[in-house]
Amino acid sequence: MKDFRNDIPEKLNIFIALTSYSLSIWFLHLVNTVDNYGLTFFYAILFGLIGNTIFSLLHESVHGVFSRNRSINDWFGRISAAFFPTSLTMQQIFHLGHHRRNRTDAEMFDQYYETDNKWIKKFVIYTLLTGFYWPSSPFANLVFLFCPWLFKSRSFRKNDLMNKTSFDAMLSGLDRKSAPHTKIRLEILFTIFIQALIIYTLDISLLTWFICYWTFAILWSSLQYTDHAWSPRDIREGAWNLKVSKLTHLIWLNYHYHLNHHRYPNISWIHLPKISHKDDPSPSFWEIYFKLWKGPTKTDTPSPSPNDFIEENIYSNTSIGDFLSKDKKRN
């Protein structure tokens with residue numbers, strides 16, 4: 001296979017980013033000003049779709065493949081994160097840790113063991129499908145900024161709900177001694193500033209913001225877990241290359257080639273379609289999505305072990321890659 005690791009479409013990424021930021025603000029403004037339920041719904045859908053393009057760009061920055069220039073990569077990542085809204089570095093720690101834990105028990109939302117609480121598993125799936133999972137990210141940012149002690153509270157972290165929703169596993173990345181807490185807090189303040197600037201400048205109402213972001217949340221959640229549901233219990237192979245339309249691939253920047261991404265996490269979105277294996281299964285997005293609405297299924301397949309090498313390899317491509325090595329030196 002050709003080595004695509006250094007082949008990053010930086011100019012195209014910047015163009016898509018600037019266009020997407022502008023469209024997102026424009027659709028938010030239109031929802032705020034139209035006096036028609038049909039148009040409100042239409043513009044909110046467009047806001048949600050373009051929000052997923054921005055998230056896909058954030059995902060590129062998280063992996064350090066938005067731009068070869070580390071400063072450009074991270075600043076566009078921070079702006080994209082502000083539209084989510086979240087912190088770039090916190091998203092890096094959460095998401096890159098996901099690559100280490102993929103399809104382990106900590107992230108098994110679609111299946112349950114005989115000993116599991118089936119109702120909690122159902123709660124998790126329907127929370128994902130209805131968009132209620134998305135607010136956990138902005139909420140985590142605010143808690144980290146104003147009540148960081150809560151993340152260290154055993155009663156908050158060590159309960160069945162936090163384990164089954166993968167929150168405790170995600171937060172474990174912040175427990176590391178070298179985790180850049182100050183940097184994260186500054187990024188959260190930057191995100192708050194960007195959101196406040198947009199809301200104040202356009203005089204956005206709370207209802208408008210809620211409608212637009214909940215529409216985005218439902219669209220975002222529909223993909224984030226469909227691309228993993230009932231895939232093999234394997235760290236690297238536990239994802240799907242989902243079958244979707246060419247327009248959907250364009251909007252989501254090939255995010256649906258998720259198996260390819262997990263195999264080669266440091267490759268730009270533009271190359272993902274080129275690296276599929278001939279015998280890879282390619283289920284329909286709708287096939288998996290509607291199956292999720294039926295609820296979790298029972299399994300006895302054991303969990304794979306978290307893969308530290310994968311995490312280190314991915315982190316090495318980012319601006320916070322040194323904090324893992326610092327932790328190892330301290331321990």
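Scroll up to find the structure.
Residues numbered from 1 in each chain as written. Predicted model: local features only at pLDDT ≥ 70, side-chain atom pairs only at ≥ 80, totals over all residues. Heavy atoms only, no water.

Our next topic: the pattern of salt bridges. Taken as a whole and judged by the stated rule, the model has 7 salt bridges. With a closest N to O distance of 3.0 Å, Glu 187 and Arg 78 form a salt bridge. Of this pair, Glu 187 sits in helix α10 (residues 181–202) while Arg 78 sits in helix α3 (residues 70–83), and the two are 109 residues apart along the sequence. The pair formed by Glu 187 and Arg 78 is uniform in burial state, with each residue classed as buried. Salt bridges sharing common partners tie together Glu 237, Arg 263 and Asp 280. (Salt bridge = Lys/Arg side-chain N within 4 Å of Asp/Glu carboxyl O. Helix = DSSP H or I, 4+ residues; strand = E, 2+ residues; numbered from the N terminus. Buried < 20%, exposed > 50% of the residue type's maximum accessible area, 1.4 Å probe, protein only.)

A word on the nonpolar core. Of all hydrophobic cores here, the largest spans 74 residues; its most connected members are Met 90, Trp 134 and Leu 174. Per-element accounting of this core gives the leading share, 9 residues, to helix α2 (residues 37–62). When residues no more than four places from it in sequence are discounted, the contact partners of Leu 174 are Met 90, Ile 93, Phe 94, Phe 144, Phe 151, Ala 179, His 181 and Ile 184. Counting residues in hydrophobic clusters, the runner-up holds 5 residues, among them Phe 4, Tyr 257, Ile 267 and Leu 272. (Core = buried A, V, L, I, M, F, W, Y, C linked by side-chain atoms within 4.5 Å. Contact = heavy atoms within 4.5 Å.)

In this section: the packing of aromatic side chains. On inspection of all chains with the given rule, the structure shows 28 aromatic pairs. Here Tyr 21 and Phe 83 contribute two aromatic rings whose centre-to-centre distance is 5.1 Å and whose plane-to-plane angle is 10°, an arrangement assigned as stacked. With a gap of 62 residues between them, Tyr 21 in helix α1 (residues 10–33) and Phe 83 in helix α3 connect regions that are remote in the sequence. Like Phe 83, Tyr 21 is buried. Between Phe 285 and Trp 286, the ring centres sit 5.0 Å apart and the planes meet at 80°, which makes this aromatic pair edge-to-face. Classification of Phe 285 as buried rests on a relative accessible area of 9%. (Phe/Tyr/Trp six-rings, centres within 6.5 Å; stacked < 30°, edge-to-face > 60°.)

Here the amide bond leading from Phe 84 into Pro 85 is cis, since omega sits at 5°, within 30 degrees of zero. Tracing the chain through its elements places Pro 85 in the loop between α3 and α4 (88–101). The phi dihedral of Arg 103 falls on the positive side, at around 65°, and the residue is not glycine. With respect to the helices, strands and loops of the structure, Arg 103 is situated in the loop between α4 and β1 (111–112). On the basis of relative accessible area, Arg 103 is assigned to the buried category, the value being 1%. Notably, Trp 230 is not glycine yet its phi reads approximately 60°, a positive angle.

This part is about α1. With 24 residues, α1 should cover 34 Å at 1.5 Å per step; its first-to-last C-alpha distance of 35 Å lies within 8% of that length. Buried residues belonging to α1 abut α2, α3, α10 and α11 (206–224). (Expected span 1.5 Å × (residues − 1).)

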